[in-house]
Amino acid sequence: MNVLLGGFVIFATFVTLCNASCSFIPNERFPGDSTRECTDLKGNKHPINSKWKTDNCERCTCYKTEIICCTLIATPVGYDKKKCQRIFKKEDCKYIVVEKKNPKKTCPIDQWIL
């Protein structure tokens, strides 16, 4: 039990240091339960060790004890905010940064965060 608690503390610290770009969903198991799948927040079942992409642009992995979902979205922060605007493209799970006056012209980006 102490090993599990220690592992959780390390994981929580890692998630905090990584700008909380991943979430942890415990896989509820009961004594004698030999289930070899996870149930996500929408109620969908996934086999142990499987990976999938969500509608919210996250990559999830099913493990025996939890589901871990991490964002696929990098957010641009280093660009001229007076001259340019960012636009989220959900179908590609990414932002583009374009000029406000001419949205067909992209702007340079020098910093991203996850």
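Computed from a prediction, not measured in an experiment: that's the story for all the values here.

## Points about the overall build of the protein
Part 1 of the reasoning: Helix and strand counts for the protein stand at one helix and ten strands.
Part 2 of the reasoning: Helices (α) and strands (β) of the protein occur, in sequence order from the N terminus, as α-β-β-β-β-β-β-β-β-β-β.
Part 3 of the reasoning: By residue count, 28% of the 114 residues in the protein fall in the buried class.
Part 4 of the reasoning: Restricting the contact set of the protein to residue pairs at least 6 apart, pairs at least 24 apart contribute 36%.
Part 5 of the reasoning: By element, 57% of the accessible surface of the protein is carried by carbon and sulfur atoms, the whole surface being about 8,400 Å².

## Quick word on the nonpolar core
Part 1 of the reasoning: Within the largest apolar cluster, eight residues are counted, these being I25, C38, I48, W52, C60, C62, I67 and C69.
Part 2 of the reasoning: Of all the secondary-structure elements, those providing two or more residues to this core are β5 (58-62) and β6 (66-71).
Part 3 of the reasoning: Excluding its chain neighbours within four sequence positions, the residues that come into contact with C60 are S50, K51, W52, T54, I67, I68 and C69.

## Here we look at the sheet that holds strand β1 (residues 22-26)
Part 1 of the reasoning: If you walk across this open sheet you meet the four strands as β1-β6-β5-β4, and the pairing is antiparallel. Because the sheet does not close on itself, it has two edges, and the strands there are β1 and β4 (51-53). Strand-to-strand, the axes of this sheet are offset by a mean angle of 20 degrees, without reference to chain direction.
Part 2 of the reasoning: The sheet contact formed by β5 and β6 spans five bridges and is antiparallel. Its bridge partner lying in β6, E58 is registered against T71.

## Focus on the UniProt feature "disulfide bond" in the protein
Part 1 of the reasoning: A separation of 2.0 Å between the sulfurs of C60 and C69 falls under 2.5 Å, matching the UniProt disulfide annotation for this pair.
Part 2 of the reasoning: On the basis of relative accessibility, which here comes to 0%, the residue C60 falls in the buried class.
Part 3 of the reasoning: Among the residues examined, C69 registers a relative accessible area of 5% and is labelled buried.
Part 4 of the reasoning: The cysteine pair C84 and C107, annotated by UniProt as disulfide-bonded, shows a sulfur separation of 2.0 Å, below the 2.5 Å cut-off, so the bond is present here. Of this pair, C84 sits in strand β8 (residues 84-89) while C107 sits in the loop between β9 (94-99) and β10 (112-113), placing them 23 residues apart in sequence.
Part 5 of the reasoning: Accessibility expressed as a relative area gives 4% for C84, which makes it buried.

## With respect to the state of the cysteines
Part 1 of the reasoning: Tallied over the entire structure, the rule returns five disulfides.
Part 2 of the reasoning: Two residues share a disulfide in this structure: C38 and C62, whose sulfurs sit 1.9 Å from each other. Between C38 and C62 the disulfide shows an S-S torsion of about 85 degrees. By sign, it is right-handed. Within this pair, whereas C38 is found in strand β2 (residues 37-39), its partner C62 is found in strand β5, the two being separated by 24 residues in sequence.
Part 3 of the reasoning: On the basis of relative accessibility, which here comes to 0%, the residue C62 falls in the buried class.
Part 4 of the reasoning: If one numbers only the bonded cysteines of the protein, in the order they occur, the disulfide pattern is 1-7, 2-5, 3-9, 4-6, 8-10.

Rules used throughout
- Residues numbered from 1 in each chain as written.
- Predicted model: local features only at pLDDT ≥ 70, side-chain atom pairs only at ≥ 80, totals over all residues.
- Heavy atoms only, no water.
- Helix = DSSP H or I, 4+ residues; strand = E, 2+ residues; numbered from the N terminus.
- Buried < 20%, exposed > 50% of the residue type's maximum accessible area, 1.4 Å probe, protein only.
- Contact = heavy atoms within 4.5 Å.
- Areas by Shrake-Rupley, 256 points an atom, 1.4 Å probe, with all protein chains shown as cover.
- Core = buried A, V, L, I, M, F, W, Y, C linked by side-chain atoms within 4.5 Å.
- Pairing = 2+ DSSP bridges.
- Axes fitted to C-alpha atoms, helices over the stretch in contact; angles between N-to-C directions.
- Disulfide = S-S within 2.5 Å.
- UniProt positions renumbered as here; feature names shortened; annotations may be inferred.

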